[in-house]
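# Observations on the three-dimensional arrangement
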Amino acid sequence: MVNKKKSKGNSITQQARRSQLEQRKQQVFQSAPRKPHVPTKLDRYMNPFLISMMLLYLTEEERENFVTFDPRYDRPKAATKPGQQESAKAKKIGAASSDAKDNNNANKALTTNADQSSDDTAGKSPEEVAAMISKAIKPVCPFQNDTTKKLKANPSVSDPLTLLARLNTRRLVQRIRHYQKNHDIKYSFPPRLNTHQLATLEWEGLLQQAREKHKSKDVASSIEASDNNQQQLLRNIPTPYEMLMFSPCPRAVTALASYPRSGNSLMRNLFERTTLRVTGSDMRGGLTKHDLVGEAAVGANMVQFVKTHFPERRGTPPFRASRVVLLVRNPYDAIESFFNLMMTNTHTTSLSDEQRREHNKLWQEHVLKEIQVWRDFHEYWIAQQIPMLLVRYEDLIRYPDKVMARVLRFVLEVNNMSFFEVRLDKCIRQEQIEQLGSYKPRSGGIGKSISKYSPELLQLMNMGIVSTMQKLGYHEMLVPKPEEWKLEAVDDYAAEFIPRKTDPIIVNAGKLVRGPKQFIDWVKVRREMMAKAPEQCMCEKCLNSRLSKD
């Protein structure tokens, strides 16, 4: 009973502190000195919440150039009697304490309540007031739903909505710097909008531009002539600085199924760049640092395209899928890349030749176990009775625009691709494939890892995968001579299969193809490697520590 009383007292104290913080935020914003407003054609302002978020990323010098307060927020003060102001404050403190657990209500109060003033900030410049705000406000998600509240039960899992809000905030800051540095334009935003609303507004702008292009040439040319160079630059935001959003799916989602290290992160990134929609994942790995913020988002109320490695491993939670994009990669490159991933625990680091020689026995054990998992994984998905689009990684890196056109048509079920053709041309065709992924790949090329396999090991690998290799179009790779491989693209760059029965399936439910015999304790292997030679450990933590010492 004592513990319960203590916890209750602590919660009350925390609520009171939160209410005081919310009141202080309001006072700081409302008492900020205003600058005279000079209307222009490109007159857009940042709302207070975006200012507070951006201050976390802007330097002191950039704050003076970029932070702007909107004078249109000025409101005439209502005549109040001496006792009315105190009663109004008491009501707001009580409301803030009751809603302290809801960040959404707190953000609304932050941007809509503008009736108080404070003498503490009188006479201070906007930059000084902004500095005060940056100390008091944490980057929180401007909108919530039931999924957010469930994920909060586990503090080790980051909320996808919060991650998206932070990603979009970083992109806004990068956009500001881009326009200021390269075009000498002071970029700003519509008032009183959070990042989700800004992303929606920009998407509607893209649709409006597409409608204008479909008009007659005379109308389109007159619109372009009316826009000056500055307006055209602001309308055509560079792809790396465009904002993403979650979007519900009217049916069960499309699963992106792939054996590990087969290019699912690359395809997710291409999909997000083109559609500006976040892709989901049933894994909670380390890809959030590579701007893939949809980790642990699998529901149709948030995403349309969900990555999974099932049945190689079981993700969480189970979800319904009405379609699947099966992304495949030849086993020689995929298994070798997977070995690097498990040994270094990173997506970008490779083992040295010396480390490979030291762990040659483990390498052979890994290959013989993984080739069975690779075969059974693809046979499982080929046997599923749902619409499937088979895409090869080798075609994706050589013809990314053609392959992604097929993927978009299949996932979104669209027939008119005129809008997405413009997006593909801007987001993919004008970039090099190495710059399109979430992170820099270890090495390019097809079949370059074949030299890591001995002839005896290749023979043992190929014994049980001939049928699967033929189904996937890899039959010529059974002969280990990469210089003779032609590997022509699949017809129309992807193979589509539509069975008669099209009922959704449950992903992450059922047996795994990786049994106890195919399991290797990689954590133990990495510990032993670090214990023998700490200076040779290739994990990200050890690499960063060595770089900091140097």
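Residues numbered from 1 in each chain as written. Predicted model: local features only at pLDDT ≥ 70, side-chain atom pairs only at ≥ 80, totals over all residues. Heavy atoms only, no water.

## Things to note about the overall build of the protein
A count of helices and strands for the protein gives 22 helices and seven strands. Per-residue burial over the protein gives 49% buried out of 550 residues. Entry remark: accessible area of the protein is about 28,500 Å², with carbon and sulfur atoms responsible for 51%. (Helix = DSSP H or I, 4+ residues; strand = E, 2+ residues; numbered from the N terminus. Buried < 20%, exposed > 50% of the residue type's maximum accessible area, 1.4 Å probe, protein only. Areas by Shrake-Rupley, 256 points an atom, 1.4 Å probe, with all protein chains shown as cover.)

## What about the nonpolar core?
Ranked by internal contacts, the top residues of the largest apolar core, which has 109 residues, are M267, V325, Y332, V391, M404, V407 and Y453. Apart from the residues within four sequence positions on either side, Y453 is in contact with P331, Y332, I335, E336, W363, V367, L458 and M461. (Core = buried A, V, L, I, M, F, W, Y, C linked by side-chain atoms within 4.5 Å. Contact = heavy atoms within 4.5 Å.)

## Concerning empty space enclosed by the protein
In total, this model carries two cavities of 30 Å³ or more according to the counting rule given. Approximately 30 Å³ is the volume found for the second largest cavity. In terms of lining residues, the second largest cavity is bounded by M245, F246, S247, F271, R277, V278, M302, V303 and Q304. (1 Å grid on protein atoms, 1.4 Å probe; cavity = no way out; pocket = protein on both sides within 12 Å on 5 of 7 lines; lining within 4 Å. Points joined across faces, edges and corners; volume = space filled by probe spheres on them.)

## Focus: unusual backbone geometry
Along the chain, F310 connects to P311 via a cis peptide bond; the corresponding omega equals 10°. Here P311 lies in the loop between β3 (305–308) and β4 (319–328). A cis amide bond links T316 with the next residue in sequence, P317, at an omega value of -5°. Turning to its location among the elements, P317 is positioned in the loop between β3 and β4. Even without glycine at this site, Y493 takes up a positive phi of about 70°.

## A closer look at the pairing of strand β5 (residues 388–392)
Burial within β5 is extensive, with five of its five residues counted as buried. Bridge count for β5 against strand β6 (residues 495–497) is three bridges, and the pairing is antiparallel. Residue L390 lies in a different strand from β6, and its bridge partner there is A495. (Pairing = 2+ DSSP bridges.)

## Re helix α13 (residues 331–344)
An ideal rise of 1.5 Å per residue puts 20 Å on 14 residues; α13 measures up with 20 Å between its terminal C-alpha atoms. Within α13, 14 of the 14 residues are buried, which leaves it mostly tucked inside the rest of the structure. (Expected span 1.5 Å × (residues − 1).)

## Notes on the pairing of strand β1 (residues 253–258)
Of all the six residues making up β1, six are buried; the element is thus mostly covered by neighbouring parts of the structure. Inspection of the sheet shows β1 paired to β3 by four bridges, in the parallel sense. Pairing of A257 across the sheet is with T308, part of β3.

## Overview of the packing of aromatic side chains
In the structure shown here, the tally under the stated rule is 12 aromatic pairs. Relative to Y453, the ring of W363 has its centre 5.1 Å away and its plane inclined at 50°; by these criteria the two rings are tilted. Remark: Y453 occurs in the loop between α18 (418–429) and α19 (455–462) and W363 occurs in helix α15 (residues 360–382); sequence separation between them is 90 residues. Linked through ring pairs, Y332, F339, W363, Y453 and W522 together constitute an aromatic cluster. Taking the ring centre of W203 as reference, the NZ or CZ of R277 above it sits at 4.3 Å. In this arrangement the basic side chain of R323 is found over the ring face of F410, its NZ or CZ atom lying 4.5 Å from the centre. (Phe/Tyr/Trp six-rings, centres within 6.5 Å; stacked < 30°, edge-to-face > 60°. Lys NZ or Arg CZ within 6 Å of the ring centre and 35° of its normal.)

## Some details on the packing of helix α9 (residues 195–213) against α18
Between two packed helices, the angle of one axis relative to the other and the distance separating the axes together describe the packing. At a minimum axis distance of 10 Å, the contact between α9 and α18 shows a crossing angle of 110°. On the basis of the axis angle, α9 is roughly perpendicular to α18. As for how α9 packs across α18, the hand of that crossing is right-handed. Taken together, the residues of α18 that come into contact with α9 (itself represented by W203, L206, L207, A210 and K213) are F419, V422 and R423. (Axes fitted to C-alpha atoms, helices over the stretch in contact; angles between N-to-C directions. Parallel < 35°, antiparallel > 145°, perpendicular 65-115°, else oblique. Left-handed = near helix turned anticlockwise from the far one by under 90°.)

## Overview of the environment of K501
Locating K501 in the fold gives a position in the loop between β6 and β7 (505–507). The spacing of K501 and Q385 is 116 residues in sequence and 6.2 Å in space, taken between C-alpha atoms.

## Here's the deal with the environment of F339
Mapped onto the elements of the fold, F339 is located in helix α13. When the C-alpha atoms of F339 and E370 are compared, they prove to be 9.6 Å apart, with 31 residues separating the residues in sequence.

## A word on the packing of helix α12 (residues 264–275) against helix α17 (residues 400–412)
As a packed pair, α12 and α17 sit with axes 11 Å apart at the nearest point and diverge in direction by 75°. One element, α12, and the other, α17, form an angle in the roughly perpendicular class. Contact residues: α12 offers M267, L270, F271, T274 and T275, while α17 offers P400, M404, V407, L408, V411 and L412. When the residues that make up the contact of α12 with α17 are grouped by side-chain class, the tally is nine nonpolar, two polar and no charged. (Nonpolar A, V, L, I, M, F, W, Y, C, P; charged D, E, K, R; others polar.)

## A closer look at a nonpolar patch on the surface
A cluster of nonpolar side chains, namely L368, L460 and M463, defines an oily patch on the protein surface of about 300 Å² accessible area. Here L460 lies in helix α19. Look at L460 and you get partly exposed, because its relative accessible area is 45%. (Patch = residues over 30% accessible without salt bridge, like charges linked within 9 Å, V, L, I, M, F, W, Y side chains within 5 Å. Salt bridge = Lys/Arg side-chain N within 4 Å of Asp/Glu carboxyl O.)

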